[in-house]
Amino acid sequence: QVQLVESGGGLVQPGGSLRLSCAASGSIFSIARMGWYRQAPGEQRELVAIVTRSGYTNYADSVKDRFTISRDNAKNTVYLQMNTLKLEDTAVYYCYAYIMDNYHDYWGQGTQVTVSS
């Protein structure tokens, strides 16, 4: 089975930085796109950023110019560098991958990011 393993979440002060990582494990030939979604309590899950295998990226307006998504295709790993964090960035962040092997979506279990003074 395919598993997405997230790391890097935690507590950070406003203006600080965190770097999230997500590695896809299992028998995988190709991941078309990987990205991050987030969900705060009582709110809808929203796209944060996504990157395709070819390098195309898309960001939510709320994180543009602050977050940077990247991926290492050889490691099947996606990263999210989060800078200038704000209180409103507090949420559970979920790793996402669309894997071409079986044309299926996969999700990580989520990692908590808390921005607080």
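Definitions and cut-offs
Counting from 1, residues in each chain are numbered in the order their sequence is written. At least 70 in pLDDT is required for a residue's local features to be given in this predicted model, at least 80 for side-chain atom pairs to be given and counted, and no such filter applies to totals for whole chains, interfaces and linings, which use all residues. To obtain the side-chain values, all non-hydrogen atoms of the structure were included, while hydrogens and water were left out. Counting from the N terminus, the helices are DSSP H or I runs at least four residues long and the strands are E runs at least two residues long. Here the radius of gyration uses the C-alpha set of atoms, whereas the globule reference equals 2.2 Å times the residue count to the power 0.38. Exposed residues in this analysis have more than 50% of their type's maximum accessible area, buried residues have under 20%, and partly exposed residues fall in between, with area computed by a 1.4 Å probe over protein chains only. Note on contacts: a residue pair is in contact if any heavy atoms of the two residues lie within 4.5 Å. Here, Shrake-Rupley sampling with a 1.4 Å probe gives the accessible areas, and only protein chains in the shown set may cover a residue. When charges are counted, Lys and Arg are positive and Asp and Glu negative, with His and the chain ends excluded. To locate a charge, the coordinates of NZ of Lys, CZ of Arg, CG of Asp or CD of Glu are taken. Two strands qualify as a pair provided that DSSP identifies no fewer than 2 bridges between them. Orientation is described by lines fitted to C-alpha atoms, with helices fitted over the stretch in contact, and by angles between N-to-C directions that extend from 0 to 180 degrees. Disulfide: a pair of cysteine sulfur atoms within 2.5 Å of each other.

**Q** Sorry if this is basic, but what is going on with the overall build of the protein chain here?
**A** The helix and strand inventory of the protein chain stands at 0 helices and 11 strands. Sequence-ordered secondary structure for the protein chain, helices as α and strands as β, is β-β-β-β-β-β-β-β-β-β-β. Its C-alpha atoms give the protein chain a radius of gyration of 14 Å, within 12% of the compact-globule value 13 Å for 117 residues. Taking the principal axes of its C-alpha atoms as reference, the protein chain extends roughly 45 × 25 × 25 Å. Expressed as a percentage of its 117 residues, the buried residues of the protein chain come to 45%. Across the protein chain, the fraction of contacts at a sequence separation of at least 24, relative to all contacts at a separation of at least 6, is 53%. Here the protein chain has roughly 6,400 Å² of accessible surface; of this, 46% comes from carbon and sulfur atoms. Of the charged side chains in the protein chain, 10 are positive and 10 negative; the average position of the first set lies 5 Å away from that of the second.

**Q** Even after reading the chapter, I still don't get unusual backbone geometry, so can you show me in this structure?
**A** A negative phi angle is the norm for most residues apart from glycine, just as the trans form is the norm for most peptide bonds. In this structure, Asp 65 takes a positive phi of about 75° despite not being glycine. Of note, Asp 65 is situated in the loop between β6 (57–59) and β7 (67–72). Despite not being glycine, Tyr 103 shows a phi value in the positive range, around 50°. Counting through the fold element by element, Tyr 103 comes out in the loop between β9 (91–99) and β10 (104–107).

**Q** Is there a simple way to explain the sheet that holds β7 in this structure?
**A** Backbone-to-backbone hydrogen bonds pair the strands of a sheet. The strands run either parallel or antiparallel. Here 4 strands make up an open sheet; going across it, the order is β1-β3-β8-β7 and the pairing antiparallel. Of all strands in the sheet, those bounded by a partner on one side alone are β1 (3–7) and β7. In this sheet, adjacent strand axes meet at a mean angle of 15° when their direction is disregarded. Alignment of strand β3 (residues 18–25) against strand β8 (residues 77–82), held across 6 bridges, turns out to be antiparallel. Across the sheet, the residue bridging to Ala 23 is Thr 77, located in β8.

**Q** Would you explain the state of the cysteines in this entry?
**A** Note on terminology: a disulfide is the covalent bond linking the sulfur atoms of two cysteines. Per the counting criterion, the structure on display carries 1 disulfide. In this model Cys 22 forms its disulfide with Cys 95; the gap between the sulfur atoms is 2.0 Å. The disulfide joining Cys 22 to Cys 95 has a torsion of about -90° about its S-S bond and is therefore left-handed. In this pair, Cys 22 is assigned in strand β3 and Cys 95 in strand β9, connecting sequence segments 73 residues apart.

**Q** When you look at the pairing of strand β4 (residues 31–39) in this model, what are you seeing that I'm missing?
**A** Regular strands place side chains that alternate from one sheet face to the opposite one. Counting buried residues along β4, 7 of its 9 residues qualify, which places the element largely inside the surrounding structure. Looking at chain direction, β4 and β9 are connected through 8 bridges and run antiparallel. Note that in β9 the partner of Arg 38 across the bridge is Tyr 93. In this structure, β4 lies alongside strand β5 (residues 46–52), joined through 6 bridges in antiparallel fashion. In the strand pairing of β5, Gly 35 is matched with Ile 50.

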